[in-house]
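Descriptive analysis of the structure
What follows is each chain in one-letter form.
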Amino acid sequence: MARAMKSRPDERLPYLELARQGARLERVVQANDLERLAAIAPGTGDLRADMDFHLDDHGRPWVTGSVELTLTATCQRCLEQFDTAMQRRFALCIVADPDLASALGNEVDVLDAQGDAVTVADVVEDELILALPERLCTESPCPYAPALEYPAPEEVEASDDNPFRVLSVLKHQ
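Residues numbered from 1 in each chain as written. Predicted model: local features only at pLDDT ≥ 70, side-chain atom pairs only at ≥ 80, totals over all residues. Heavy atoms only, no water.

Leu47, Met51, Phe53, Val123 and Val124 are the most contacted members of the largest nonpolar core, which has 38 residues in total. Where this core is concerned, the elements lending two or more residues are helix H1 (15–21), strand S2 (24–30), strand S3 (46–55), strand S4 (61–74), strand S5 (81–95) and helix H4 (120–131). Ignoring anything within four residues of it in the chain, the contact list for Met51 reads Leu13, Ala23, Arg24, Leu25, Arg27, Val63, Thr64, Phe90, Val120 and Val123. (Core = buried A, V, L, I, M, F, W, Y, C linked by side-chain atoms within 4.5 Å. Buried < 20%, exposed > 50% of the residue type's maximum accessible area, 1.4 Å probe, protein only. Helix = DSSP H or I, 4+ residues; strand = E, 2+ residues; numbered from the N terminus. Contact = heavy atoms within 4.5 Å.)

Between the first and last C-alpha of H4 there are 17 Å, a value that for 12 residues agrees with the 16 Å anticipated at 1.5 Å per step. The complete set of buried residues in H4 reads Val120, Ala121, Val123, Val124, Glu125, Glu127 and Leu128. Of the surrounding elements, those touching the buried residues of H4 are S2, helix H2 (35–40), S3, S4, S5 and strand S6 (110–112). (Expected span 1.5 Å × (residues − 1).)

Looking now at the pairing of S5. Relative to S5, S4 runs antiparallel, the two sharing 13 bridges. Bridge pairing links Gly65 to Phe90 in S5. Counting the residues in the hairpin turn of S4 and S5 gives 6 residues, including Leu79, whose phi is positive at 65°. By the bridge criterion, 3 bridges tie S5 to S6 in an arrangement that is parallel. Opposite Cys93, over in S6, you have Val110 as the bridge partner. (Pairing = 2+ DSSP bridges.)

This is the structure in structure tokens:
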């Protein structure tokens, strides 16, 4: 078993060789080094990934494991930012053939490998993006949420023939 080691998110992992060996890897990378995830929710520290590689009964390589990190994400309900600890388990069949990836995608979660190696970011980034909660605030009702009712201007009469009169009234307020 490989010990946890600090690595770069672009470190290439030869998945087929690792699967044949039944290897277990532990990697630590800066959460902000995962560019797509950091654009949505910046990390506040290290990301820890535990990955087990193995071959299934059909000789296809798999990676299973878990990932942990803390993110600063924006709640999609109230638009406030919150720190949230995330733990996610994953099981991915690694496939280098796009046609096979499409065929298997109906049955299992697939990691479409671009070549003979994958990176830690390849393995965990999509899983984390999909796992981001929509609502991060825990209070109900949320004290930060915007009001859901907006009163109509009183100056506009409902029987007005011009439907755009409402816009002109709103514009001059």
